[in-house]
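Here is what each chain is made of, one letter per residue.
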Amino acid sequence: MLENFSFRTIAEYLPLFGNGFVATLWLSIVSFAGALAVGTLLCAMNLQRSQVLKLPAKIYIDAIRATPLLAQLYFLYFGLPRLGIVLPELFVGILALALNSGAYIAEIIRAGILSISRGQVEASVASGMTYSQRMRLVILPQAVRVTIPPLLGQAIVLVKDSALLSLISVAELTRAGQLLASDRFMPAEGFITTAACYLLLYYALKSLAVLSARWLGVRPIRVRA
Amino acid sequence: MIEFRGVNKWFGALHVLRDITLSVEPREVVVVCGPSGSGKSTLIRCINGLEAINDGALVVDGQRLGDRTTNMTGLRAEIGFVFQAFNLYPHKTALENVTLAPIHVRKIPRAEAEASGREMLAKVGLADKFDTYPAELSGGQQQRVAIARCLCMRPKIMLFDEPTSALDPEMISEVLDVMVGVAEEGMTMMVVTHEMGFARKVAQRVVFMDAGAIVETGTPEEFFADPKTDRSRAFLSKILRH
Amino acid sequence: MIWFQLQSLVGSYPLALRGLGMTVALSGISLVLGTILGFALGVLRTSGSRLLSSAIGLWVDLIRGTPFLVQIFLIFFILPELGVELDAFTAGIIALTNLAACFICEIVAAGIRSVPTGQVEAALASGLSKWQRMRQVVLPQAMRVSLPPLVGQYVLLIKDSSVVSAIGLTDLTRVGWLVVQRVPNGLLVFAIVGIGYFIVCYPLILLARRLERRMSAAHGEVQL
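So, how was this worked out
- Residues numbered from 1 in each chain as written.
- Chains lettered and ligands numbered in written order.
- Predicted model: local features only at pLDDT ≥ 70, side-chain atom pairs only at ≥ 80, totals over all residues.
- Heavy atoms only, no water.
- UniProt positions renumbered as here; feature names shortened; annotations may be inferred.
- Helix = DSSP H or I, 4+ residues; strand = E, 2+ residues; numbered from the N terminus.
- Salt bridge = Lys/Arg side-chain N within 4 Å of Asp/Glu carboxyl O.
- Buried < 20%, exposed > 50% of the residue type's maximum accessible area, 1.4 Å probe, protein only.
- Contact = heavy atoms within 4.5 Å.
- Polar contact = N/O pair within 3.5 Å; in protein donor to acceptor, adjacent residues only side chain to side chain.
- Nonpolar A, V, L, I, M, F, W, Y, C, P; charged D, E, K, R; others polar.
- Axes fitted to C-alpha atoms, helices over the stretch in contact; angles between N-to-C directions.
- Parallel < 35°, antiparallel > 145°, perpendicular 65-115°, else oblique.
- Left-handed = near helix turned anticlockwise from the far one by under 90°.
- Phe/Tyr/Trp six-rings, centres within 6.5 Å; stacked < 30°, edge-to-face > 60°.
- Lys NZ or Arg CZ within 6 Å of the ring centre and 35° of its normal.

## Re the UniProt feature "domain: ABC transmembrane type-1" (unreviewed entry) in chain A
Here is step 1: UniProt marks residues 21-212 of chain A with the feature "domain: ABC transmembrane type-1" (unreviewed entry), using the numbering shown here.
Here is step 2: The annotated region residues 21-212 of chain A carries 81% helix and 0% strand content, and the separation between its end C-alpha atoms amounts to 24 Å.

This is the structure we're talking about:
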């Protein structure tokens, strides 16, 4: 089978993979934007003193991180209709990715904020800044810089995780590979092409992460488990 | 015991050892001094092969370094090396630090190695610290463990790379006292240090290096009383002032 | 209605137990195999030849750069084409072991690189052989750094094992999928599935955090 690996068939299916690639790309971008919003909100809640906001955020983050994305995806896919919410598969997928990645992003932002040295906090306190001035003028500008490389790392994870959406029939990259594999009984052609497309995205994001760390001159921060 | 013949070494374009010719006899104690960046650490790191030489010959204990037939691991077992930063193994107690190489390199039975390890630790004044981890020891104590770690291998040569430079002033003498003791037992030693009191007390020769070359050698008496070059005079006036 | 569903769910508990057993078996076996392989690769990555090191680096990148689902499909559908007959369970073990080994390789390599050069020099100077240096001096210190992310990696591995349900293995997630066809309450069914994973994963997450705290305390870092 591998000796007659058919590039012709791949060429024939190229439009399908092209569409899949674009779909994976934009649904990842939308999900990541959503995840950033979810993550920022969760982190803000988690940094409060009051348990009223802190506790739900903590429970949510731990619950997401201790369960598989696939189970979360099925939870929404089979569960939302039960609540009378019927969404297209694509929306369910994006929702699941955003809610899942948001929990990880919340921890990245938290690690970024905690990585700012005590000296910076003390210096801003000493110069008479309020809590919000301190956050806005001193801590967040520095925290944003250090979180950019790990956020790009999370983007890599999200792009790969989006492959699971093929299991609820969202037409994206992995789905394109499955179609080629099942239509023509050519799993090698289908999945190697799929893998190659993901590698393209991976290397692009990885280079961006490495370069951004260099441009920003930041050292890696430690995000807790 | 140690013989440099026209040794040269480069770090990239930087010429760090220039035409070094020097020979150290058995039981001799040689102190190497010179300004920072003069190549003195590199010089002694070459002797046990932590740095490779690029040119010339270096013969240690009858074996020529860089030869295919020279068993570096075997040779290193005969040479003790004391680092400026101690480099004790943080995950092992003082006793485990000093017995690791005897057990694994010399293949001495554990009980025997531990007995001699205790003896050596007692000798450097740490009889109460056998089971202490390095992090719980002061700098001076750590460096004494490091010396005991070398002595446990019963080496033929001991090399010291600025053994007191990382220490607080009040701890320097406890380490130097141990080193004097080792020297008085007839160990062949090369010591990179600015401790001129130590040099006066036990060294047969002082070697002064600058910019990768040996500028002057002499007995401590000659060197301190009558330095022959401008560079050594300038160096001595700086270190003796404080 | 809910009562009826609950009864029906209770009736599915032998299936659920089988699913949990499958998840535990898959993760457990590949966790052990992946750790062994990952350590070997990590040591070779840092101290083998440059060629070997780059070859391992490339493989790790290929695995880290593609979705696990695609890797499973590749192994399950393509190895038979190459004449390797394998069932879904073996395919799942191979895929998970490979995934774990690649991530653990990088964790171990990072741990080894974090050991100060002075430690290696001290071991070198006392005449320890290459293997003795690794075994006695480098690895024990690398472990301190590697342990927390290693435990974190185990959590990811257990969660990733859910993806093998895609090739028909009846693990915990697949059981949920089967049950939900009979009992049409996705919220309830997958909440229970989630609790199953949570019970296994959460203690490991707590352990990883504890190890992290202990390590940063040992390094004298400020805790905010």
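## Thoughts on the pattern of salt bridges
Here is step 1: Tallying each qualifying case throughout the model produces 16 salt bridges over all chains.
Here is step 2: The closest approach of N and O atoms between B:Arg205 and B:Glu28, which form a salt bridge, is 2.8 Å. Here B:Arg205 is found in strand S9 (residues 205-210), whereas its partner B:Glu28 is found in the loop between strand S2 (14-24) and strand S3 (29-33), with 177 residues between them in sequence. There is no split in this pair, since B:Arg205 and B:Glu28 are both buried.
Here is step 3: For B:Arg45, the salt bridge is made with C:Glu121, and the minimal N-O distance between the two is 2.4 Å. Of this pair, B:Arg45 sits in helix H1 (residues 40-47) while C:Glu121 sits in helix H6 (residues 117-125), placing the two residues on different chains. Note on accessibility: B:Arg45 and C:Glu121 belong to one class, buried.

## Remarks on the interface of chain A and chain C
Here is step 1: Between chain A and chain C, the contact holds 43 residues from the first and 51 residues from the second.
Here is step 2: Applying the counting rule to chain A against chain C returns two salt bridges.
Here is step 3: Between C:Arg209 and A:Asp62 there is a salt bridge; the shortest N-O distance is 3.0 Å.
Here is step 4: The interface formed by chain A and chain C contains eight residue pairs in polar contact (both at pLDDT 80 or more).
Here is step 5: Breaking the side of chain A that touches chain C down by element, the ones donating at least two residues are helix H2 (51-65), helix H3 (69-79), helix H4 (89-114), helix H7 (173-184) and helix H8 (187-216) of chain A.
Here is step 6: It is H8(A) that provides the largest number of residues to the side of chain A that touches chain C, a total of eleven residues.
Here is step 7: In the side of chain A that touches chain C, the residues fall into 28 nonpolar, six polar and nine charged.

## Describing the UniProt feature "transmembrane region" (unreviewed entry) in chain A
Here is step 1: Taking the UniProt record as the reference, the feature "transmembrane region" (unreviewed entry) is found at residues 20-47, 59-78, 90-109 and 185-205 of chain A.
Here is step 2: For residues 185-205 of chain A, the helix share is 90%, the strand share is 0%, and the end-to-end C-alpha distance is 32 Å.

## Digging into the packing of helix H1 (residues 7-46) of chain A against helix H6 (residues 131-161) of chain A
Residues and elements named next belong to chain A.
Here is step 1: Between H1 and H6, whose axes approach to 10 Å, the crossing angle comes to 130°. The angle between H1 and H6 places the two elements in the oblique class. H6 is crossed by H1, and the crossing has right-handed handedness. Residues Thr 24, Ser 28, Ser 31, Phe 32 and Leu 36 of H1 touch H6, and the partners they reach there are Leu 151, Gln 154, Ala 155, Leu 158 and Val 159.
Here is step 2: The residue inventory of the contact of H1 with H6, partitioned by class, reads six nonpolar, four polar and no charged.

## Observations concerning the packing of aromatic side chains
Here is step 1: For the structure on display, the rule yields 14 aromatic pairs over all chains.
Here is step 2: Taking the centre distance of 5.2 Å and the plane angle of 65° together, the rings of A:Tyr202 and A:Tyr203 count as edge-to-face.
Here is step 3: You can call A:Tyr203 partly exposed: its relative accessible area is 31%.
Here is step 4: Taking the centre distance of 4.7 Å and the plane angle of 15° together, the rings of C:Phe198 and C:Tyr202 count as stacked. Taken together, the residues span about one helical turn, with C:Phe198 and C:Tyr202 both in helix H9 (residues 186-218) at a distance of four residues.
Here is step 5: Judged by relative accessible area, which is 28%, C:Phe198 ranks as partly exposed.
Here is step 6: An aromatic cluster is defined as three or more aromatic residues linked by ring pairs; in this entry it consists of A:Tyr74, A:Tyr77, A:Phe78 and C:Phe190.
Here is step 7: Here the basic side chain of B:Arg200 rests over the ring of B:Phe224, its NZ or CZ set 4.5 Å away from the ring centre.

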